[in-house]
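# Architecture at a glance
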Amino acid sequence: FSREKIRLRSAYILMPPLAYITLGLVSSAASGFFDFYSIKTGLLLIFPAVFSLTLYEKGVFEGVDICRTVFLGYVLYSLFFSYCYHTAESTRAFVFGMFAVYFLIKKAWGFCAFAVGICYYSDKRIALMGMIAVFCFAAAAYLLLKLWRTVSRKKLWIAFGVICTAAAYAVAFMVHSGALIALFEKAHIDPWGRQTIWGVFRQFAEIDVGFTGHGLGFVTSKLDELRVWMVDERWFQNLHCDFYRSYIELGFFGLGIWMPSYFRSYYKLTEDTENNNTILIFTFSAIDYTLMIYITDNVLLYFEYWFPLNLMLLDMAHSRPSVVKRQALLMKAHYLYD
């Protein structure tokens, strides 16, 4: 670790978790709910951002690609521990899907193919669907930005933020009303028990602008208290929709304030970077992929997902093109040799 100061721009990755914690505590004050799970949820939200920020900004990694190193670490972990905790149907699929998107946009084709293969083997439906959808999204965004060279980036961020926030409300309402389960049935998609857990939690939400939410950690606390049983003699440990979770905990307006924090955060993180479409496309893709997982699964509190994703965002925002970086390292080696 070095003694250099952390760049203020990098600290913007703290904005989404801090916004959730703050809004959750406001809802807690309104509802009177606060327990051990409120503290635990706050720590799970903030720790990945603080850890990745500290590691990236204070760590000395000359000649080391930190994102590739972390990716290979995840691969080795999966290989060595798959015999006691199977890799198939594993939440690590979310991580490998995000790595695949990162390597695609960085044009690291070998690493991208490797990440796609492991994501496929990990066998999470939403991870595979999200990865494929974001691949298509990234290709379309690249072509459109080539055609519309004069488009305002700020306007793009605002438009994307408004669309995604509206989609978050739509998903939360569809889960609450049962419309999403009905859609699954029409599409012949097995919801894997989500209809049960969503039905149980329907009592804790209201589709009303006056709904203020129950507070930080409420969902996890109720999951532990109610212990709703699954078909395989286990109880649900997650709500399987982070949009619905955030709606229950933050309330109607809380969800609408928290969602734009992602767009504000990543816009400010990349605002002072060179005019490079690669950075813009990756940040949009990272949000798109994450929000797709939020629809039917859980990554909001997963350290294993947010730690590498934050590293990727910081690397995209600060690292120079690979050729320039390689030249700088060669030049430094030349001077040290002399």
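The structure this text deals with has already been given above.
Residues numbered from 1 in each chain as written. Predicted model: local features only at pLDDT ≥ 70, side-chain atom pairs only at ≥ 80, totals over all residues. Heavy atoms only, no water.

## Things to note about the packing of aromatic side chains
Aromatic ring pairs are reported here in terms of the distance separating the ring centres and the angle at which the planes meet. Tallied over the entire structure, the rule returns 39 aromatic pairs. Ring geometry for tyrosine 169 versus phenylalanine 173: centroids 5.9 Å apart, planes at 50°, classification tilted. Taken as a pair, tyrosine 169 and phenylalanine 173 lie in helix H7 (residues 153-177) at a separation of 4 residues, close to a single helical turn. Tyrosine 169 gets classed as buried once you look at its relative accessible area, which sits at 14%. Judged by relative accessible area, phenylalanine 173 falls into the partly exposed class, the value being 25%. Their ring planes at 75° and their centres at 5.4 Å tell us that phenylalanine 252 and phenylalanine 253 sit as a pair that is edge-to-face. Joined through ring pairs, the aromatic side chains of Tyr20, Phe243, Trp258, Tyr262, Tyr266, Tyr289, Tyr294, Tyr305 and Trp306 make up one cluster. (Phe/Tyr/Trp six-rings, centres within 6.5 Å; stacked < 30°, edge-to-face > 60°. Helix = DSSP H or I, 4+ residues; strand = E, 2+ residues; numbered from the N terminus. Buried < 20%, exposed > 50% of the residue type's maximum accessible area, 1.4 Å probe, protein only.)

## Digging into the pattern of salt bridges
Under the defined criterion, the tally for this structure stands at 8 salt bridges. The residue glutamate 57 makes a salt bridge to arginine 7 at a minimum N-O spacing of 2.8 Å. Here arginine 7 lies in the segment before helix H1 (15-31) and glutamate 57 lies in helix H2 (residues 36-58), a separation of 50 residues in the sequence. With relative accessibility at 40%, the residue arginine 7 sits in the partly exposed group. Among the salt bridges present, the one from aspartate 224 reaches arginine 227, with a minimum N-O distance of 3.4 Å. Under the relative-accessibility criterion, arginine 227 is labelled partly exposed at 34%. Look at the salt bridges and you will find they share partners, linking Lys124, Arg194 and Asp297 into a network. (Salt bridge = Lys/Arg side-chain N within 4 Å of Asp/Glu carboxyl O.)

## Remarks on a nonpolar patch on the surface
A contiguous nonpolar patch, built from Leu25, Phe34, Ile39 and Leu43 and spanning about 400 Å² of accessible area, is present on the exposed surface. Mapping phenylalanine 34 onto the fold places it in the loop between H1 and H2. (Patch = residues over 30% accessible without salt bridge, like charges linked within 9 Å, V, L, I, M, F, W, Y side chains within 5 Å. Areas by Shrake-Rupley, 256 points an atom, 1.4 Å probe, with all protein chains shown as cover.)

## Remarks on empty space enclosed by the protein
Which parts of space are left empty comes out when a probe the size of a water molecule is rolled across the atoms. Counting across every chain of the model gives 2 cavities of 30 Å³ or more. Quantified by volume, the largest cavity comes out at close to 110 Å³. Surrounding the largest cavity, 13 residues form its lining, Pro16, Pro17, Leu45, Tyr262 and Trp306 being those nearest its centre. Looking at the lining of the largest cavity, the elements that each hand over two or more residues are H1, H2, helix H11 (242-270) and helix H13 (303-318). Here the lining of the largest cavity is built from residues that sort into 12 nonpolar, 1 polar and no charged. Here the second largest cavity defines a volume of roughly 30 Å³. Forming the walls of the second largest cavity are Tyr262, Tyr266, Ala286, Ile287, Thr290, Leu291, Trp306 and Leu309. Mapped onto the lining of the second largest cavity, the elements with two or more residues apiece are H11, helix H12 (277-296) and H13. Broken down by element, the lining of the second largest cavity gets its largest block of residues, 4 residues, from H12. (1 Å grid on protein atoms, 1.4 Å probe; cavity = no way out; pocket = protein on both sides within 12 Å on 5 of 7 lines; lining within 4 Å. Points joined across faces, edges and corners; volume = space filled by probe spheres on them. Nonpolar A, V, L, I, M, F, W, Y, C, P; charged D, E, K, R; others polar.)

## Here's the deal with the nonpolar core
Grouped together as the largest cluster of nonpolar side chains are 106 residues, with contacts concentrated most on Trp198, Trp258, Phe282 and Tyr305. Looking at which element gives the most residues to this core, the answer is H11, with 14 residues. (Core = buried A, V, L, I, M, F, W, Y, C linked by side-chain atoms within 4.5 Å.)

## Observations concerning the packing of H7 against H11
H11 packs onto H7 with a crossing angle of 160° between their chain directions and a minimal axis gap of 10 Å. Looking at the two axes, H7 sits roughly antiparallel to H11. Here H7 and H11 pass one another in a crossing that is right-handed. (Axes fitted to C-alpha atoms, helices over the stretch in contact; angles between N-to-C directions. Parallel < 35°, antiparallel > 145°, perpendicular 65-115°, else oblique. Left-handed = near helix turned anticlockwise from the far one by under 90°.)

## Brief notes about the environment of serine 261
Tracing the chain through its elements places serine 261 in helix H11. Overall, serine 261 belongs to the buried group, its relative accessible area being 6%. In this view, serine 261 contacts Met15, Pro16 and Ala19; residues no more than four positions away in its chain are not counted. (Contact = heavy atoms within 4.5 Å.)

Everything listed is a geometric property; what it means functionally is a separate question.
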